[in-house]
Amino acid sequence: MKEKFILTIDQSTSATKALMIDNTGSIKHRVSKKHEQIYPTQGWVEHNPIEIYENIKSVIEEIIDTNKINEEEILGLSVTNQRETVVVWDKETGIPVYNAIVWQCRRTSGICSELKEYEEMVTEKTGLRLDPYFSGTKIKWILDNVEGARKKANEGKLLLGTMDSWVIWKLTNGKSHVTDYTNASRTLLLNIKTLKWDKELLEVFNIPENMFPKIYPSDEIFGETNLDGQLKKMLKISGVIGDSQGALFGQRCFETGMAKSTFGTGNSIMVNVGEKYIPSKNGIVSTIAYVSKTSVNYGIEGIINSSGDTINWIHNELGLFKDFGEFNEAVNEIENNQGVYLVPAFLGLGIPYWESEAKASIVGISRNTTKKHIMRAALESIAYQVKDALDVIEKEVNIKVKNLNIDGGVTTNKIYNQFLADLLNCKIEKNLNEELSALGAALLGGLGLGMWNSIDDIKKLLSNTKVYESKLEDEERKKIYNGWQKAVKSVLHLTELNK
């Protein structure tokens, strides 16, 4: 029997990847291409959707040609993507009316304030906070601020979608305007109990219903593509899921109470809570973990705005190190950070503070502080934010996370993984597969396309992990975390003074 692959697109915040994943769940080939990060003004973040689509075609062509893959070996195409980033485009010309507004973008803080009276209703229906992070206010901003956009929308000439919708619409030459439930659940516009676009929410945000994609389970068939003419045969598209939920599935967190943390530009901590919806409160959000043709799984999630982006900042803007080899060596040399903390509120603070106006700060600096201390503080800040989020999540779902599956970005650093285990005082299981979001999409695609028959088949696939356990005394753990909490309080105090 010839080897079969699921061709998987991972369209993330910083780059687009193409991966070939075989029927053992192994990534056999991978290519990547970065796209431009556009910052029109402070707190605004955009991407060029056309550039992203061209990059998708480019990485697909490269992975097929470089590895001499016969198209008969490709069973189908799966897609995972940055979730809340949204595009609005003309359905006749296929041209976006504006750049994609990225999940990190804070421009809609004012809209959130204007809609404050609806916050309780929005949260009750969607499980989400009324926050610029999510897609609904971004769509409203485009319709309110781009000349002619609202008129065209009302005339039925515009379409909208998260990046999966845009990519699939382009790949199918406009035949499939679709999304999956995980991406839809991040828009502020899906009622996650009825699993339908909510008419009352559409009225609140003033968005015409004719703009919306059709929603499918992740393992459905979303359409067909010949990759813009690159292939002679048509490929079925199946296995579409938001990146964080994709990582949850890729980590095989199929059972209630299983938890994972995915580290990228930002960070998502998610717990599978099963088929029972748990209302969100205290700064966490309820979401769709995944929907298959046979089941619905809800999740509880804590969102962190800046994790890998913090390391990028001290590298790109401060120039504290030349490469990640130097960074890893430096943070290994600093065993005691001498009370230096970096609070990375570059785009505000997320869970459990939800202060969109907060600004980043480095505290505890003395004359003996070196750049290595700041590098270590940047690394540790990611773990402190995970603890903040997990403490709230554990109270919400009334469980103790004894085992946390981690993947992505900073988890390639063993120093970080050990510090996280020390701080959380739980077993950290690091999946040595660095592409869990893509793997999750491919596993769902494989279910939809018949590569595997059931989740039980997936459970039997080999998994390669490394385990970290705490080596820190309780007293020291409390001491360093107390220092972090004081650092955050100082940031929140300054934010309040500047309002």
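Please read these numbers as outputs of a predicted model, since none were measured by experiment.

A separate point is the overall build of the protein chain. Secondary structure assignment for the protein chain yields 16 helices and 23 strands. The globule rule puts the C-alpha radius of gyration for 499 residues at 23 Å, and the 22 Å found for the protein chain is close to it. The principal-axis extents of the C-alpha atoms in the protein chain amount to approximately 65 × 55 × 45 Å. Evaluated residue by residue, the protein chain yields a buried proportion of 62% over its 499 residues. Partitioning the intrachain contacts of the protein chain with sequence separation of at least 6 by distance along the chain shows that 71% fall at a separation of at least 24. Total accessible area computed for the protein chain in this model is approximately 20300 Å², and 46% of it derives from carbon and sulfur atoms. Looking at the protein chain, you have 60 positive and 66 negative side-chain charges, and the mean spots of the two groups are 1 Å apart.

Interface size is commonly expressed as the accessible area that is lost once the parts come together. Here the protein chain is described as being made up of domain 1 (5–243) and domain 2 (252–498). Opposite the 51 residues of domain 1 that make contact, domain 2 presents 43 residues. Summed over the three residues of domain 1 that lose the most area to domain 2, namely R129, I192 and D219, the buried surface amounts to 15% of that side. For the pair domain 1 and domain 2, the number of links is 13 residue pairs in polar contact (both at pLDDT 80 or more). Those elements that provide at least two residues to the side of domain 1 that touches domain 2 are β1 (5–11), β2 (15–22), β3 (27–34), β5 (74–81), α3 (119–126), α7 (181–184) and β14 (235–242).

Attention shifts here to the pattern of salt bridges. Taken as a whole and assessed by the stated rule, the structure comprises 32 salt bridges. A salt bridge links E155 to K151, with the nearest nitrogen and oxygen atoms 2.7 Å apart. For E394, the salt bridge is made with K400, and the minimal N-O distance between the two is 3.8 Å. Taken together, the shared-partner salt bridges in this structure form one network comprising R83, E84, R186, D243 and E301.

Running from N to C, helix α13 (residues 414–424) and helix α16 (residues 474–497) point in directions that differ by 100°, and their axes come no closer than 9 Å. Accordingly, the angle class assigned to the pair α13 and α16 is roughly perpendicular. Along its contact with α13, which presents F419, D422 and L423, the element α16 presents R477, I480 and Y481. When the residues that make up the contact of α13 with α16 are grouped by side-chain class, the tally is four nonpolar, no polar and two charged.

One open sheet accounts for seven strands, arranged β17-β18-β16-β15-β21-β22-β23; its pairing is mixed. Strands at the two margins of the open sheet, each flanked by one partner only, are β17 (285–291) and β23 (465–468). Recorded for the sheet is a direction-independent mean angle of 30° between the axes of neighbouring strands. Looking at chain direction, strand β15 (residues 259–263) and strand β21 (residues 403–407) are connected through four bridges and run parallel.

Attention now goes to the sheet that holds β14. Taking strand neighbours across the sheet as the criterion, the six strands line up as β3-β2-β1-β5-β14-β13 in an open arrangement whose pairing is mixed. Taken across any chain shown, the strands that pair with only one partner, and hence form the sheet edges, are β3 and β13 (221–225). Mean inter-strand twist for the sheet, computed between neighbouring axes without regard to direction, equals 25°. Bridge count for β2 against β3 is seven bridges, and the pairing is antiparallel.

If you walk through the whole model with that rule in mind, you get 20 aromatic pairs. Seen in terms of ring centroids, Y341 and Y384 are 5.6 Å apart; in terms of plane orientation they differ by 50°. Their pairing is tilted. With Y341 in strand β19 (residues 341–343) and Y384 in helix α12 (residues 371–397), this residue pair connects regions lying 43 residues apart in the sequence. Comparing Y341 with Y384 shows no difference in burial state: the two are buried. Measuring from ring centre to ring centre gives 5.1 Å for Y384 and W484, while their planes differ by 10°; the resulting arrangement is stacked. Of this pair, Y384 sits in helix α12 while W484 sits in helix α16, and the two are 100 residues apart along the sequence. Overall, Y384 belongs to the buried group, its relative accessible area being 2%. According to the relative accessible area criterion, W484 is buried, its value standing at 1%. Aromatic rings pair up to connect Y341, Y384, F419, Y481 and W484 into one cluster. Over the face of the ring belonging to W141 we find R107, whose NZ or CZ atom lies 4.6 Å from the ring centre. Above the ring of Y481, the side-chain terminus of K387 is found at 4.9 Å from the ring centroid.

Moving on to the nonpolar core. Judged by nonpolar contacts, the single largest core of 105 residues is most densely connected at V386 and L404. Ranked by residues supplied to this core, first place goes to α12 with 14 residues. Mapped onto the domain boundaries, this core takes at least three residues apiece from domain 1 (5–243) and domain 2 (252–498). Apart from the residues lying within four places of it in its own chain, the contact partners of V386 are S261, F263, N267, I269, I304, L404, Y416, L420 and L424. Grouped together as the second largest cluster of nonpolar side chains are 34 residues, V59, V167, W169 and V178 included.

Conventions adopted
All residue numbers refer to position in the chain's written sequence, counted from 1. Side-chain atom pairs in this predicted model are given and counted only at pLDDT of 80 or more, local residue features only at pLDDT of at least 70, and totals for whole chains, interfaces and linings cover all residues. Working from all heavy atoms in the structure, the side-chain values ignore hydrogens and water. Labels follow the DSSP assignment, with helices taken as runs of H or I lasting at least four residues and strands as runs of E lasting at least two, numbered in each case from the N terminus. Atoms counted for the radius of gyration: C-alpha only. Globule rule: 2.2 Å times the number of residues to the power 0.38. The rule is simple: take the accessible area with a 1.4 Å probe, protein chains only, and divide by the maximum for that residue type; under 20% is buried, over 50% is exposed, in between is partly exposed. Working rule for contacts: check all heavy atoms of both residues, and any pair within 4.5 Å makes them a contact. All accessible-area figures derive from a Shrake-Rupley calculation using a 1.4 Å probe, and residue coverage is judged against the displayed protein chains alone. Neither His nor the chain ends is counted toward charge; the positive residues are Lys and Arg and the negative residues Asp and Glu. Every charge is mapped onto a representative atom, which is NZ of Lys, CZ of Arg, CG of Asp or CD of Glu. Delimitation of the domains relies on an automatic or database domain assignment. Two parts lose some accessible area (1.4 Å probe) when they are put together, and adding that loss for both gives the buried area. Pairs of N or O atoms are called polar contacts if they sit within 3.5 Å, as long as, within protein, a hydrogen donor faces a hydrogen acceptor (for residues adjacent in sequence, only side-chain-to-side-chain pairs). Salt bridges are identified by distance alone: a Lys or Arg side-chain nitrogen within 4 Å of an Asp or Glu carboxyl oxygen. The convention used is that axes are lines fitted to C-alpha atoms, helices contributing only their stretch in contact, and that angles between N-to-C directions extend from 0 to 180 degrees. Any angle from 65 to 115 degrees is called roughly perpendicular, while one under 35 is roughly parallel, one over 145 is roughly antiparallel, and all others are oblique. Classification used: nonpolar for Ala, Val, Leu, Ile, Met, Phe, Trp, Tyr, Cys and Pro, charged for Asp, Glu, Lys and Arg, polar for all others including Gly. A pair of strands is considered paired only if DSSP assigns at least 2 bridges between the two. Each Phe, Tyr or Trp ring (for Trp, its six-membered ring) is paired with any other whose centre lies within 6.5 Å, and the angle between the two planes then decides the class: stacked below 30 degrees, edge-to-face above 60, tilted in between. Put simply, a charge is over a ring when the Lys NZ or the Arg CZ is close to the ring centre, within 6 Å, and near the line of the ring normal, within 35 degrees. Put simply, a nonpolar core is a bunch of buried Ala, Val, Leu, Ile, Met, Phe, Trp, Tyr and Cys residues held in one set by side-chain atoms that sit within 4.5 Å of each other.

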